[in-house]
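Structure at a glance
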Amino acid sequence: MLKELFDLSDPQTADALRYDIRWKVACGRSLTQTSFDPSTLVYWRKRIAASDRPHRVFDAVAWVIADTGILRGRRKRCVDSTVFDDAVATQDTVTQLVAAMRKVVRLVPRAPETIARVARLDYSRPGKPDIDWDDAGAKQDLVCDLVNDALAVLAELTGPKAPQREDTAADALGLLALVAGQDVEPAKGSDGADGRWRIARRVAPDRVISTVDPQARHTRKSKSVRRDGFRGHVAAEPTTELITDCELTKASGEQGSDAVVGAKMIARDRYHQPAVDDGACPAAPADEEPGDINAGAGQPDPAGQADTDENSSFSVAAVMDALVAATATVAAVASVAADGGEQGDAGQRQGLEVYGDSAYGTGEARAAYQAGGHDTVIKPKPLRPAVPGGFTLDDFTVDEPAATVTCPTGHTRPMSPKRTVTFGALCAHCPLGQRCTTAADGRSMSIHPHEQLLRAARAQARTPEFKHD
């Protein structure tokens, strides 16, 4: 926790515990005790990640926050995200196909014999196949051989009579099938049955970019900046700057989008729940202290580690007690200094007040916040008129019960079952037509299912209170 707090590397953390008296006191070590090898931090991170509770460090911090009550009554939550660059190099199609085949060789029983029998290429040699990479025809033939080899191996190892595979073997075969199909398409004039393939003239929406880290994805921070990696999401209380939730997702895809994850983090906010009895902690299980470690999480020597774990748990418990006492003082001071208007009645459970940029303000997300009783201070996406300086969607009146839309000149048209509206010939002689559309067949539009919420958000954004917030 100190390493992350001070943003140190593993070697710097080991040196801090060796030389800094403050670190020794905080970690319960004597002045004569030395430090540890930096690789110890790598070992413990892996052990925690493989345990039943990989978020136990975050839970321990949450336990202190809940025990002190420093967030009691604080409704504001800020949500945001950032892209974490992946640590592995992005692989091209050829590299991925070769790597996926070699992974099958390593992890699937009897795969080496099958590949040697049905494949055209030799996958035992390191590196890419040896061809003339300046020859477009040679590259085309290589892609064909790689895809056909993958299909032949999959047909042999995943057929109806194939045995039940362990997870690692099944994942290796699934990855081979994925990379064999995501970047290729039948060659011109072929349906693929003749074995002719080429690199596809498109990018798969959920493309795997590396067989080393199959969860990493392409994404964009802007139209001109492309990134490869993951998306990290965070929710925080702005006055205390305490992080209330976080999540790491794929960098692309609907389930990892800001709107979806933001609504999920707010819905499960552990500090905004019905009051619990004194002494109870919503963050930590009742039968486990915050410092306990799952004994089945990759322990190399349980017998030799028992005493160390017991002492470590005792040390962590002592540090947690000190943190509770110190944070209680901070909470008392912060409560006095805080704006009383935000706190509300201690016995009344209010919704949260969610702050975010326009990516968090989709209609579906706003509906989820409203259903949860939360208020939003989220920037709406600006409307772009069809004609510069002309009418926008907000200039049209939408009557949801009647399923109709009325234009600025008073013409009313019905919405289709798919919520589209077409004014057609009504626009031909409209005196305001030049301010509305340039389409020869008249103005048409699609009405969002949550259009009223989006309109309310745009109206809210025009108020002085919204700008102040």
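In the block above lies the structure referred to throughout.
Below is a summary of the structure that appears in this document. (Residues numbered from 1 in each chain as written. Predicted model: local features only at pLDDT ≥ 70, side-chain atom pairs only at ≥ 80, totals over all residues. Heavy atoms only, no water.)

Some remarks on helix 7 (residues 111-118)
- Of the positions making up helix 7, those classed as buried are Ala-111, Thr-114 and Ile-115. Within helix 7, the buried residues cover an arc of 95 degrees as seen down the axis, which keeps them to one side. Turned more than 90 degrees off the buried face of helix 7, the exposed positions are Glu-113, Ala-116 and Arg-117.
- Residues of helix 7 that are buried sit in contact with helix 6 (93-107) and helix 8 (136-157). (Buried < 20%, exposed > 50% of the residue type's maximum accessible area, 1.4 Å probe, protein only. Helix = DSSP H or I, 4+ residues; strand = E, 2+ residues; numbered from the N terminus. Arc of directions from axis to C-beta. Contact = heavy atoms within 4.5 Å.)

Concerning the environment of Ala-100
- Relative to the assigned elements, Ala-100 resides in helix 6.
- Looking at Ala-100, the relative accessible area reads 0%, which means it is buried.
- Measuring from C-alpha to C-alpha, the distance between Ala-100 and Ser-210 comes to 9.6 Å, with 110 residues separating the pair along the chain.
- The contacts of Ala-100, once residues within four sequence positions are left out, are Leu-176, Val-179 and Thr-211.

Side note on the pattern of salt bridges
- Under the counting rule described, the total for this entry stands at 23 salt bridges.
- Its salt-bridge partner being Glu-185, residue Arg-198 comes within 2.9 Å of it at the nearest N-O pair. Of this pair, Arg-198 sits in strand 3 (residues 197-199) while Glu-185 sits in strand 2 (residues 184-186), placing them 13 residues apart in sequence.
- The buried category is assigned to Glu-185, whose relative accessible area is 18%.
- Between Asp-245 and Arg-268 there is a salt bridge, with its nearest N and O atoms 2.6 Å apart. Within this pair, whereas Asp-245 is found in strand 6 (residues 242-250), its partner Arg-268 is found in the loop between helix 10 (258-267) and helix 11 (302-337), the two being separated by 23 residues in sequence.
- Overall, Asp-245 belongs to the buried group, its relative accessible area being 8%.
- Each of the salt bridges in this network shares a partner with another, and the network as a whole consists of Lys-3, Glu-4, Asp-10 and Arg-45. (Salt bridge = Lys/Arg side-chain N within 4 Å of Asp/Glu carboxyl O.)

The values are spatial; any link to function lies outside them.
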